[in-house]
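# An overview of the molecular structure
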Amino acid sequence: MTSPRVALVTAGGSGMGADAARRLSADGFEIAILSSSGKGEALAAELGGIGVTGSNRSVEDLQALVDQAMARWGRVDVLVNSAGHGPKGPVLEISDDDWHTGMEVYLLNVVRPTRMAAPIMAAQGGGTIINISTFAVFEPDPLFPTSGVFRSALAAFTKLFADKYAGDNVRMNNILPGFIDSLPETEDRRARIPMGRYGRAGEVSALIGFLASDDAGYITGQNLRIDGGLTRSV
Amino acid sequence: MAWKSVAMVSAGDSGSGAEAAWHLSAAGHEVAILSSSKAGAALAHDLGGLGVAECRRSAAAVQRLVDGAMDRWGRVDVLVNSAEYQPAGSVAAAGGRHLHGIMDAYLMNIVRPTRIVAPVMAEAGGGTIVNVVNVGGVDPLELAPALEIFRGAMVNFCTLVENRFGASGVRMAAIVPDWLAGQSDQDECGAGMPIWRFRKPEEIPGLVTCLVPDTAGLLDQKQRFDGPLTSQYKAAA
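Residues numbered from 1 in each chain as written. Chains lettered and ligands numbered in written order. Predicted model: local features only at pLDDT ≥ 70, side-chain atom pairs only at ≥ 80, totals over all residues. Heavy atoms only, no water.

It is worth spelling out the confidence of the model for chain B at this point. Residue and element names in this part refer to chain B. Per-residue confidence for chain B gives a mean pLDDT of 73; residues scoring 70 or more make up 60%. Helix α5 (residues 108-124) holds the highest mean pLDDT among the elements of chain B, 93, whereas helix α9 (residues 229-236) holds the lowest, 37. Confidence drops under a pLDDT of 50 for residues 135-143, and excluding neighbours within four residues, the segment shows 35 contacts in the predicted structure. Scored below 50 in pLDDT, residues 217-237 makes 48 contacts in the model with residues more than four places away or belonging to other chains. Here the prediction assigns the complex a pTM of 0.82, and the interface score ipTM is 0.76. (pLDDT = per-residue confidence, 0-100. Helix = DSSP H or I, 4+ residues; strand = E, 2+ residues; numbered from the N terminus. Contact = heavy atoms within 4.5 Å.)

Okay, here's the thing in structure tokens:
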């Protein structure tokens, strides 16, 4: 009997996180989902996995996700970190508190679960962490100021992490989606995309599925754009 | 009487900030200095300028210095944001609260003065903001990890501000230097550098002064200043 392959998805109740959970389940992974809405718990039940309703800002809730997965399957192969939505607004009108909230939503959402999963992965001989980031990392977009700023920080964190854990066969990569159909389309955004259409959540999940697979075993520390050419000039 | 350009320097009590204040004064700017120690106020006094010695994490302190500069000179042309050095520790050890503290020191130190000064500059037709950023905004190094995370965030923030205020003539530049001599006890970092030595304090202000004139408007906004450290770091390791 082969051991199961186990994937954890944080902020996985809806949008790209939920789609990634479905994809990884279809690829044969056991799935554990953390989400704040209860939708993640329902999806996990549908996929025969573990669902925890809680916040990805809560160390206790994240620990519950990891502990329940370890109790049931004894390993963690993949961690997918999605995120909610952080503060927006004109760049100099964002308050100090909102900047700090932005860091919670877009940087610590990765740092906290990584702190728990990485030692498990290193001890079992390997694993991979995939973070859903944004196209606005290398050239920010005024529509998503705190997302761009703190996912820039995430890009730096990812390189630091990738360097430190490469020898343990634990990889980390970021996916930088453009405008994806998990959110309602707007004409002005669509007009900015060289390919002339929004990306499909399934296209993002396909990339996540690839990064989670052994075929991607030599890719680490990278920021992969999937944006229909939106930031091709950057 | 011709007006003189007015330069504000935050964290201007020592290191790159103080050197920048000296250089800008020598280059003919009036200087206003914000610092957490009396050294900044003393330096401002020596240079015939304005000083506010108060915790510069306070928006009120920034506002006081801007108000003082506007009262005395009626303008602010240049803002130099420097950072107080503080050991940041490792990523693994950094808890959530700790990271918020580092963010205050290495990102909000730039956000707070910029929030107050950029609209003043835009109203007056333009100005230049220069951020002295430690090594790592472009390619983070393991040696000072938690700090490096916020350098990337800062560079992203700079670009957002340029997008918003560039049309009003406000420019932003980030200088990305390596370690200052005597600032790090990491011998291997000096040894790994292509130029084979740490930066001297006076080497950054020259670049700050060079970035200030309008003629520098077309320079790339991220000037590395690290003796090609980041470009060759992996090869040297």
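Right, let's get into unusual backbone geometry. Even without being a glycine, Ala11 of chain A presents a positive backbone phi close to 50°. Of note, Ala11 of chain A is situated in the loop between β1 (6-10) and α1 (15-26).

The next subject is the packing of aromatic side chains. Taken as a whole and assessed by the stated rule, the structure comprises eight aromatic pairs over all chains. Taken together, the aromatic side chains of Phe135, Phe144, Phe179 and Tyr198 of chain A make up a single cluster linked through ring pairs. Just above the ring of Phe29 of chain A sits the side chain of Arg5 of chain A; from NZ or CZ to the centre is 4.2 Å. Over the aromatic face of Phe165 of chain B sits the side chain of Arg164 of chain B, whose NZ or CZ is 4.4 Å from the ring centroid. (Phe/Tyr/Trp six-rings, centres within 6.5 Å; stacked < 30°, edge-to-face > 60°. Lys NZ or Arg CZ within 6 Å of the ring centre and 35° of its normal.)

Below, the discussion takes up the interface of chain B and chain A. The interface is formed by 37 residues belonging to chain B together with 32 residues belonging to chain A. At the junction of chain B with chain A, the criterion picks out two salt bridges. Across the pair Arg115 of chain B and Asp96 of chain A runs a salt bridge, and its minimum N-O distance is 2.3 Å. At the surface where chain B touches chain A, the tally comes to ten residue pairs in polar contact (both at pLDDT 80 or more). When contributions to the side of chain B that touches chain A are tallied by element, the ones reaching two or more residues are α4 (96-106), α5 and α6 (145-165) of chain B. When grouped by side-chain class, the residues that make up the side of chain B that touches chain A number 21 nonpolar, eight polar and eight charged. (Salt bridge = Lys/Arg side-chain N within 4 Å of Asp/Glu carboxyl O. Polar contact = N/O pair within 3.5 Å; in protein donor to acceptor, adjacent residues only side chain to side chain. Nonpolar A, V, L, I, M, F, W, Y, C, P; charged D, E, K, R; others polar.)

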